[in-house]
Amino acid sequence: ALLKSLEKMYLSEALAARAKGTPLPKGARVATESALFSLREALGIAQHHDAVSGTEKQAVNDDYTYRLAEAAQEAHRAAGFFFADRIADLLRANPAPPTPIEPTIELTHCPYANISVCAGTHALSEVGGSVIVAAFNQHEHAKDTILDVPVPAENIRVEDKTPGVSPSVPTAFSVSRNPLVGDEEERAGTWREGQKPYTLTLKLSDLPALSYRLIQLTNMGENAEEKGEEEKEGEEEKMLLETSEYRLEFDKGCDKGSCLKKVTNKKSGLSMEVSHSFAYYKAFEGEGQKSGAYIFKEQPLTEDEKGKEETEGNKIVLTKTQVVKVKAPLNAPCQEAMVFFDAPESLSKDPQAWPAFHAYRICEGIPRIQVRWGVGPLNDDDVGKEVVSLWKTDIESGDLFSTDSNGLQMIERKRFHRPDFSPVWQEEAPSSSNYFPVNSAVFIEEKEKKEKKGANESKPRRLTVVTDRSQGAASLESGQIELMVHRRLRKDDSRGVGEPLEEPGMGLGQEDGSGLRVRGSFFVLLEEPGPKSAFLQRMTEQSVVNSLLVQYSPQKKTETAEASEEAVAVERRLLSTPSFHSSQSGGSFTHLQDLKVSPNLKLLTFAPLLTNFLEERPKSEYQHVLVRLQHLFGKNEALSSGVSEEDIQALEGPADFDLASLFPPSLIGESGLEVVETALSGTVALSEIRRIEWLRETCEAPRVGGLRGSREKAEASEVAENGSSASASAAAKSPANFYRTPPVHEAPRLGSTTVTLKAAEIRTFVVFI
């Protein structure tokens, strides 16, 4: 997300500045292009198969982490230049009397915001302290999004300072006490002293594509404003979270480790009975194949263990739980409840400071449920442990479930079935035999309508869980989904790593090496199978990977210093320097205000091409822009019973996009854009590609495109063309003539800037400006 955000931010700024006649300052260009190179290099190294799968040694993993962190710091410094220019314009237009404007702007990002540590908001510790939150939306569509900001005070005023946005339209927000942060006494003298006890939840509505948003936060003091009325929590056994989208019902008794009992989609009328808990497998460490970095293999539970613990299959379920509703004003944009798990000492090393938890949140106008989770550090005492988040519902899914393939199309899976071979360990390890990789989503569904009492109850249901990282998932019984969220193992699985998967942890709060703490999020949808469910799944996936780029600018300095390792993105810029960007409306670039992208298309890449691989034009005269488009839906992905062909075609059908809409009209000129379609990498023109066609001795297929078919047919064809068997034989053995087809596309350039993408297609273009 950081790389894509910086690419799109830099290119949009460069094009707008060039159209205005004031090119970007050289310092900004050099710093940004250097940051892009560093980040691409670090990400390229992290694409090694061991880095992707987590099967590298711990020292190598630490090196990957270091490279990515260093590159991310450089990228944030480059992004800070463009944020600073926006804030500088704001401060010039609205100087704060009577203090003159300070000559510098400081920008900081908060890499530890997920554990409530943020140096960027420390200025809010003092009454009157102010911070500007600068956000950039890299998405190609307008979006509604939620932004959580750790803050040190409760009474915060929020003002939208984005140019062109009416101040009469308030930003929806609420400030609530964070149950995961202890009191001041508990945090004193440790790194946790830097944790902010409150969370400011901002709802940014209809955020335009490729645009900025500037939000000013001010500490108003204890009695400066009336606090909003808080919802009173009753003594009933039931507890509700409810918006116009979803209703979540909790049982305060939390039977068998689950406090969540029922989920209802209010707009569709669908509901499901549900149980959601944590459970863990004991890793197999006996004779034969052990559980390790490559292999997940569970240890079967003994009858004695099953008698002492709440179990399911070979899993031990955490049962000691407590649900707490996060208090917030009645008009808050989101409602949240947290379920804390009293993990046994055999599982968790520090359950007081780092409790295992599920945090459920629903927000007004957001058609999904967010479930944040946290686990670890895991104990490394007597046996390895593999922790799962376990969903059990009344959805009659049978032995089928679906997972994504590399974040693209969904593939149906069947329990204890492979199309080509029999799964191993069916008897001794039934769970691990049914695990599949999940990069973005997993779902279970009912294939047919069930005739029940209510009209809505007869509709089939689909439960989709979208992840924020790659995980393993399975459905071990009808209506169940489990996703593995954490592992700590004592044995090597003898598959090449040569060491156990220990992961001592690193970074703020984990310096003691006691074990890795992990936090993440699920995004949950309950819909009827069909186009709407498929569409919401894809949009949810895009909201995860296209997160906002956010930095913080304190407007009033305090004497208290934060941990230096947090302040990794400081950028100073003289306010007297003239602004170089074009005029904006609502934070959008002028030439992008009317950008229209079909809902089933994604602007995968919009970036400066720093190396001209095509050698079509000298770099000194032309700017080369790489544009990559993706059709988000595959064939039959929205297919379901009772769904019209028109609805399916709206998602899966061809989609058009005008490349010229990405560029200022003044840069296009009368002759229009010059565009070359390239291979996926953007390094070779599509017209130059000649695919290799391998000969097969027994193939009887006719010749198509290049020379395909049996050698005898190929030679016979050459005899007819050349009149000689010898010349035919020589031609057949010539790699240039025999093994490669003619060009895929004859035309080197497109005649029109409007391109069409079919289902599941990705197309890449180089545009000369």
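Structure first, text after, so check above.
In this report, the structure presented in the accompanying data block is examined. (Residues numbered from 1 in each chain as written. Predicted model: local features only at pLDDT ≥ 70, side-chain atom pairs only at ≥ 80, totals over all residues. Heavy atoms only, no water.)

On to the overall build of the chain. Each helix and strand in the chain was counted, giving twelve helices and 34 strands. Within the chain, buried positions represent 52% of all 769 residues. Partitioning the contacts of the chain with sequence separation of at least 6, the portion at a separation of at least 24 is 74%. If you sum the accessible surface of the chain, you get close to 34500 Å²; carbon and sulfur atoms cover 50% of it. (Helix = DSSP H or I, 4+ residues; strand = E, 2+ residues; numbered from the N terminus. Buried < 20%, exposed > 50% of the residue type's maximum accessible area, 1.4 Å probe, protein only. Contact = heavy atoms within 4.5 Å. Areas by Shrake-Rupley, 256 points an atom, 1.4 Å probe, with all protein chains shown as cover.)

Before going further, it helps to examine the packing of helix α1 (residues 2-20) against helix α2 (residues 26-45). Following both chains from N to C, one finds α1 and α2 inclined at 155°, their axes separated by 10 Å at the closest point. Taken together, α1 and α2 sit at an angle that is classed as roughly antiparallel. In this structure, α1 crosses over α2, and the sense of that crossing is left-handed. Between α1 and α2, the residues in contact are Leu2, Leu3, Leu6, Glu7 and Tyr10 and Arg29, Thr32, Glu33, Ala35, Leu36, Leu39, Arg40 and Leu43, respectively. Considered class by class, the residues forming the contact of α1 with α2 number eight nonpolar, one polar and four charged. (Axes fitted to C-alpha atoms, helices over the stretch in contact; angles between N-to-C directions. Parallel < 35°, antiparallel > 145°, perpendicular 65-115°, else oblique. Left-handed = near helix turned anticlockwise from the far one by under 90°. Nonpolar A, V, L, I, M, F, W, Y, C, P; charged D, E, K, R; others polar.)

Pairing within the open sheet is antiparallel, and its three strands lie in the order β2-β5-β4. Bordering the open sheet on either side are β2 (143-151) and β4 (172-177), each of which pairs with just one other strand. Strand-to-strand, the axes of this sheet are offset by a mean angle of 20°, without reference to chain direction. Here β4 pairs with strand β5 (residues 198-207) via six bridges, running antiparallel. Looking at the pairing, Val175 lines up with Leu200 of β5. (Pairing = 2+ DSSP bridges.)

Our next topic: the sheet that holds strand β21 (residues 441-445). Neighbouring strands of a sheet are bound in pairs by backbone hydrogen bonds; such pairs are parallel or else antiparallel. Within the open sheet, the nine strands sit side by side as β13-β14-β15-β16-β25-β22-β21-β18-β19. Their pairing is antiparallel. A strand with exactly one partner marks an edge of an open sheet, and here the two such strands are β13 (321-325) and β19 (410-414). Taken pair by pair, the neighbouring strands of this sheet meet at an average axis angle of 20°, ignoring direction. When strand β15 (residues 356-363) meets strand β16 (residues 369-375), the two strands line up antiparallel, connected through six bridges. Within the sheet, the bridge partner assigned to Ala359 lies in β16 and is Arg372. Sheet strands in contact with helix α7 (residues 531-545) are β19, β21, β22 (462-467) and β25 (518-527), and its direction is about 15° off that of β22.

Bringing the pairing of strand β14 (residues 334-341) into the picture now. In terms of burial, β14 is largely enclosed, as seven of its eight residues are buried. Bridge count between β13 and β14: five bridges; the pairing is antiparallel. Bridge pairing links Gln322 to Phe340 in β14. In terms of strand pairing, β14 meets β15 through eight bridges, oriented antiparallel. From the neighbouring strand, Ala337 faces β15, where its bridge partner is Tyr360.

Attention now moves to the packing of aromatic side chains. Within the structure shown, the criterion is met by eleven aromatic pairs. Taking 6.3 Å as the distance between ring centres and 40° as the angle between the ring planes, the aromatic pair formed by Tyr10 and Phe82 counts as tilted. With Tyr10 in helix α1 and Phe82 in helix α4 (residues 58-93), this pair connects stretches of sequence that are 72 residues apart. The same class applies to Tyr10 and to Phe82, which are both buried. Each member of the aromatic cluster is reached from another via a ring pair, and the members are Tyr10, Phe81 and Phe82. A cation sits over an aromatic face here: Arg462 above Phe443, 4.0 Å from the ring centre. (Phe/Tyr/Trp six-rings, centres within 6.5 Å; stacked < 30°, edge-to-face > 60°. Lys NZ or Arg CZ within 6 Å of the ring centre and 35° of its normal.)

A few words on unusual backbone geometry. It is generally the case that most residues other than glycine have a negative phi and that most peptide bonds are trans. The omega torsion across Gly376 and Pro377 is 5°, close enough to zero to call that bond cis. Looking at where Pro377 falls in the secondary structure, it is placed in the loop between β16 and β17 (385-393). Even without glycine at this site, Leu210 takes up a positive phi of about 45°. Structurally, the position occupied by Leu210 is in the loop between β5 and β6 (211-219). A relative accessible area of 0% places Leu210 in the buried class. The phi dihedral of Ser494 is positive, around 60°, even though this residue is not glycine. Of note, Ser494 is situated in the loop between β24 (480-488) and β25.

This next bit is on the nonpolar core. In this structure, Phe83, Phe606, Val627, Leu629 and Phe663 are the most contacted members of the largest nonpolar core, which totals 62 residues. Broken down by element, this core gets its largest block of residues, twelve residues, from α4. Leave out the neighbours within four places in its chain, and Phe83 touches Met9, Leu107, Ala134, Ala135, Phe136, Tyr212, Leu549 and Gln551. (Core = buried A, V, L, I, M, F, W, Y, C linked by side-chain atoms within 4.5 Å.)

Moving on: the environment of Lys4. By the secondary structure assignment, Lys4 is in helix α1. As for Lys4 and Gln138, which are separated by 134 residues in sequence, their C-alpha atoms are 7.2 Å apart. For Lys4, the residues in contact, after removing those within four places along its chain, are Gln138, Leu604 and Thr605. Among the polar contacts listed, one links the side chain of Lys4 to the side chain of Thr605, at a separation of 3.1 Å. (Polar contact = N/O pair within 3.5 Å; in protein donor to acceptor, adjacent residues only side chain to side chain.)

For β17, the tally of buried residues reaches eight of nine residues, placing the bulk of the element in the interior. Here strand β10 (residues 270-282) pairs with β17 via nine bridges, running antiparallel. Its bridge partner lying in β17, Phe278 is registered against Ser389. Bridge count for β17 against β24 is eight bridges, and the pairing is antiparallel. Paired with Lys392 across the bridge in β24 is Gln480.

This part covers the state of the cysteines. Here the structure, examined in full by the defined rule, presents three disulfides. The side chain of Cys254 participates in a disulfide bridge whose partner is Cys259; the two sulfur atoms lie 1.9 Å from each other. Its S-S torsion of approximately 100° makes the covalent link between Cys254 and Cys259 right-handed. Since its relative accessible area comes to 5%, Cys254 is described here as buried. (Disulfide = S-S within 2.5 Å.)

As a further point, take the environment of His276. Tracing the sequence through the fold places His276 in strand β10. Judged by its relative accessible area of 1%, His276 falls in the buried class. A C-alpha to C-alpha distance of 9.6 Å links His276 and Lys256, two positions 20 residues apart in sequence. Discounting residues that sit within four places of it in the chain, His276 has contacts with Gly257, Ser258, Leu260, His358, Tyr360, Val371, Ser389, Leu390 and Trp391. Engagement of the side chain of His276 in a polar contact is seen with the side chain of Tyr360, the distance being 2.7 Å. Of the polar contacts made by the side chain of His276, one reaches the side chain of Ser389; its length is 2.8 Å.

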